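# Residue-level structural notes
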Amino acid sequence: MTSSSVQTTGSAAPGSELSFDNTEIAFRHSSNRDLKRAYWLFKLINVNFLVKVGPPITNFAINIGLPIKGIIKATIFRQFCGGETIAECTPTIKNLQSGGVGTILDYSVEGEDEEEVFDNTRDEIIRTIVRADGDAAIPITVFKITGVGRFSLLEKLDAEETLTADEEQEWKKVQARVLAICQKAYDAGVPIMIDAEESWIQETIDGLALDMMRRFNRENIIIYNTYQLYRHDKLESLKADHAIATKESFILGAKIVRGAYMEKERKRAEERGYISPIQPNKQATDRDYDEAVKYSVQNINNLAIVAGTHNEHSCRLLADLLNKYNVDHNHPHIYFSQLLGMSDNLSFNLANARYNVAKYVPYGPIKAVLPYLFRRAQENTAIAGQMSRELGLIVKETKRRGI
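Residues numbered from 1 in each chain as written. Predicted model: local features only at pLDDT ≥ 70, side-chain atom pairs only at ≥ 80, totals over all residues. Heavy atoms only, no water.

## Comments concerning the overall build of the protein chain
A tally of regular secondary structure across the protein chain gives 17 helices and eight strands. The buried share among the 403 residues of the protein chain stands at 54%. When contacts within the protein chain are restricted to residue pairs at least 6 apart in sequence, long-range pairs at least 24 apart make up 79% of them. Of the roughly 17,900 Å² of accessible surface on the protein chain, 51% is carried by carbon and sulfur atoms. (Helix = DSSP H or I, 4+ residues; strand = E, 2+ residues; numbered from the N terminus. Buried < 20%, exposed > 50% of the residue type's maximum accessible area, 1.4 Å probe, protein only. Contact = heavy atoms within 4.5 Å. Areas by Shrake-Rupley, 256 points an atom, 1.4 Å probe, with all protein chains shown as cover.)

## Description of the packing of helix α13 (residues 282-298) against helix α14 (residues 312-324)
Two elements in contact, α13 and α14, have axes whose closest approach is 10 Å; the angle formed by their N-to-C orientations is 20°. Judged on the interaxial angle alone, α14 and α13 are roughly parallel. In the packing of α13 onto α14, the handedness of the crossing is right-handed. Between α13 and α14, the contacting residues are Y289, D290, V293, K294 and V297 on the first element and H313, S314, L317, L318, L321 and L322 on the second. Partitioning the contact of α13 with α14 into residue classes produces seven nonpolar, two polar and two charged. (Axes fitted to C-alpha atoms, helices over the stretch in contact; angles between N-to-C directions. Parallel < 35°, antiparallel > 145°, perpendicular 65-115°, else oblique. Left-handed = near helix turned anticlockwise from the far one by under 90°. Nonpolar A, V, L, I, M, F, W, Y, C, P; charged D, E, K, R; others polar.)

## Quick word on the packing of aromatic side chains
Aromatic ring pairs: the centre-centre distance and the angle between the two ring planes describe each pair. All told, the structure shown has five aromatic pairs when counted by the stated rule. Seen from their ring centres, Y39 and W40 are 5.2 Å apart, and the 80° between their planes marks the pair as edge-to-face. Residue classification places Y39 among the partly exposed positions, given a relative accessible area of 24%. Between Y107 and Y363, the ring centres sit 5.4 Å apart and the planes meet at 45°, which makes this aromatic pair tilted. Pair noted here: Y107 is in strand β1 (residues 102-107) and Y363 is in strand β8 (residues 357-363), with a separation of 256 residues, a long-range link. Positioned over the ring face of Y289 is R258, at 4.4 Å from the centre of the ring. (Phe/Tyr/Trp six-rings, centres within 6.5 Å; stacked < 30°, edge-to-face > 60°. Lys NZ or Arg CZ within 6 Å of the ring centre and 35° of its normal.)

## Quick word on the side chain of S276
Positionally, S276 belongs in the loop between α12 (262-272) and α13. Engagement of the side chain of S276 in a polar contact is seen with the backbone nitrogen of I278, the distance being 3.1 Å. For S276, the contacting residues outside a window of four places in its chain are H232, R266 and A269. (Polar contact = N/O pair within 3.5 Å; in protein donor to acceptor, adjacent residues only side chain to side chain.)

## Regarding a negative patch on the surface
A cluster of acidic residues, E112, D113, E114 and E116, forms a negative patch on the protein surface. In this fold, D113 is placed in the loop between β1 and α7 (115-132). (Patch = residues over 30% accessible without salt bridge, like charges linked within 9 Å, V, L, I, M, F, W, Y side chains within 5 Å. Salt bridge = Lys/Arg side-chain N within 4 Å of Asp/Glu carboxyl O. Lys, Arg positive; Asp, Glu negative; His and termini not counted. Charge placed at Lys NZ, Arg CZ, Asp CG, Glu CD.)

## A word on the sheet that holds strand β6 (residues 303-308)
Strand order in the closed barrel formed by eight strands is β1-β2-β3-β4-β5-β6-β7-β8, with parallel pairing between adjacent strands. For this sheet the average axis-to-axis angle between neighbouring strands, irrespective of direction, equals 30°. Where strand β3 (residues 192-194) and strand β4 (residues 223-228) come together, two bridges link them in parallel fashion. By the bridge assignment, I192 is partnered in β4 with I223. Where α14 meets the sheet, its contacts fall on β6 and β7 (334-339), and the angle it forms with β7 comes to roughly 165°. (Pairing = 2+ DSSP bridges.)

In structure tokens form, the structure reads like this:
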């Protein structure tokens, strides 16, 4: 990694040479069988009815013991997940690495609420750091605060309600788990991202993330917080946090995304009668996302970003900005990121042009990861244009291969 005083050089190739239409590069890591599976999977995902009825039917079938785990594992799980354990992710890690793309191991177990589970999750996240230590194929790790602490406790903290004595002790345990994870990341020299969550617990998460950056981001980029730009206040939050980092002499780590909780956020705001934190339209989100990327590149010496996006325009904008400001493609303060199983035309073409790219590789027991998988399917149907693009690229590559 590098310090905040790093000097940039201009050895990058012109961004205009970057193509996201090269399917040979995009699917070089995929076998003919992989392509056919992806084609039919995305075709099925595009059928809204199946996506709506699939989750309850699947959960019911698993709960009564029907043998459908094998079908899930061979289809949607294989497309979007690396495996059920870290060890099972090894083939995926190597496959991505063969195309110059890094792996972000993402332990995707959700919705738990017991102290023992929180401790187990802390230990599993630490195992991802240990696995990444010394392996360039896993350049970044990630976790959610709700993986190591109770949602309703964070909600109470955000609302500035008085905690009971037991809750005070519980909160100390959450902070200790976060510190243990971040300390391990620092000791190993492995950067770790703290994912964003719902707005009504995010202020507490933001405070924790800044505290960890103050402690561990003095010389190298270790801790990243996440900024969801579909919130109308997050561009200013990014700038305000950067001002704090500049004043207090640490590197701000920022994963920049559009966002993941829009429908839930708007519904809650309407039900409770407060102004929604979500942007009025997609244009406003896109504007703030692009502005956040520009601001970050302009302040690259003490601001490191992971640009999490499946948007071609945003990827090209960032690539062009690096050229405009004479920043190396592989500068350690700049990463592009996409999800496993999606937008390979972005990930592998960017990596081929020697930009830093890492894909989220979720893993965990099939039943525990189902909420993540269903969310991916629901997001995909909500982005019909992207799915048409994905299918079009797959068809183009199958024709090129003559299969």
